[in-house]
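Analysis of the macromolecular model
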Amino acid sequence: MSFELPDLPYAYDALAPYMSAETLEFHHDKHHQAYVTKGNELLAGSGLEGKSLEEIVKESYGKNAPLFNNAGQHYNHIHFWKWMKKDGGGTSLPGALASKTDSDLGGYDKFRADFIAAGVGQFGSGWAWLAVKDGKLEIMKTPNGENPLVHGATPILGCDVWEHSYYIDYRNARPKYLEAFIDNMINWDYVLEMYEAAS
Ligand code: MN3
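- The name an unreviewed UniProt entry gives the chain is Superoxide dismutase, with Roseibium hamelinense as the organism.

Below, the structure is given as C-alpha cells:
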C-alpha cells in the first residue's frame, strides 16, 4: 500500500491555545507530508510494497533505516492527530482505562508524572508512549521514528516530543508542552479504542 496524508480530524485552530494553528500547519502539512512523500519513494522497490503500514514498520526495522524512519513517522503521526482533540485531556478516563491505570501504573497521578518524565527524559527527538505489552499498560519512550510496535508492544497513546511539535508554542519548554498535552489535549476515547483493539 502506498502512504497517504490523512486530513486532520479537526480545524487547524481547534487545539489553540495549547497547540497553535501555525504549529499544526507546519507539522501536518510540511513534516507529515514529507514522511509520506519520502516514504513512498523508499517503499518502491523495497519488497514491502504489498504490506500493511504496521507490517512495513516492523519489517523495515533494523533492515532498511531510511524506509523505517519515514514509515514509522507516518504511523506515529496518523495516530498522533487522533490522540488529540479540542477540550481533551484531564482525568476523565473511560472506566476500563481508569481501572487499568490504577492496577498497572499506580493511578492517574503517577501515570501523568511518569509519562511527562518519559517525554522530558527522551534525549533529542522522539516520542513518549503509553503501550500495552503482555496484557499490561506500560510507559515507554523511543528515539526518532521508533515506536512500541518494534519492541513487542502496541501503542495506545503517544506524544511527539520532536521540537517541531512544540517549539513555536513553547520554545524550549518541553515539560510545559507535555503538561498541556496531558491536561488539555488527549482524546481518551481514541486511546480507549486502541486499548480495546490491543486487548
Ligand atoms: Mn512530528
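1. Section: the overall build of the chain
- Tallying secondary structure elements over the chain gives eight helices and three strands in all.
- When the helices and strands of the chain are read in sequence order from the N terminus, they spell out α-α-α-α-α-β-β-β-α-α-α.
- A compact globule built from 199 residues should have a C-alpha radius of gyration of about 16 Å, and the chain, at 16 Å, falls within 12% of that.
- The C-alpha extent of the chain, read off along each of the three principal axes, is 45 × 40 × 30 Å.
- Out of the 199 residues in the chain, the part that is buried amounts to 49%.
- In the chain, the share of contacts with a sequence separation of at least 24, taken over all contacts with a separation of at least 6, comes to 68%.
- Looking at the chain as shown, the accessible area adds up to about 8900 Å², and 50% of this sits on carbon and sulfur atoms.

2. Remarks on the packing of aromatic side chains
- Per the stated rule, a full pass over the model turns up 14 aromatic pairs.
- Taking the centre distance of 5.5 Å and the plane angle of 90° together, the rings of phenylalanine 80 and tryptophan 127 count as edge-to-face. Note that phenylalanine 80 is positioned in helix 3 (residues 65-82) and tryptophan 127 in strand 1 (residues 126-133), a separation of 47 residues in sequence. There is no split in this pair, since phenylalanine 80 and tryptophan 127 are both buried.
- Members of the aromatic cluster, joined through ring pairs, are Phe80, Trp81, Trp83, Tyr108, Phe111, Phe115, Trp127, Trp129, Phe181, Trp188 and Tyr190.

Basis of the calculations
Residues numbered from 1 in each chain as written. Predicted model: local features only at pLDDT ≥ 70, side-chain atom pairs only at ≥ 80, totals over all residues. Heavy atoms only, no water. Helix = DSSP H or I, 4+ residues; strand = E, 2+ residues; numbered from the N terminus. Rg over C-alpha atoms; globule rule 2.2 N^0.38 Å. Buried < 20%, exposed > 50% of the residue type's maximum accessible area, 1.4 Å probe, protein only. Contact = heavy atoms within 4.5 Å. Areas by Shrake-Rupley, 256 points an atom, 1.4 Å probe, with all protein chains shown as cover. Phe/Tyr/Trp six-rings, centres within 6.5 Å; stacked < 30°, edge-to-face > 60°.

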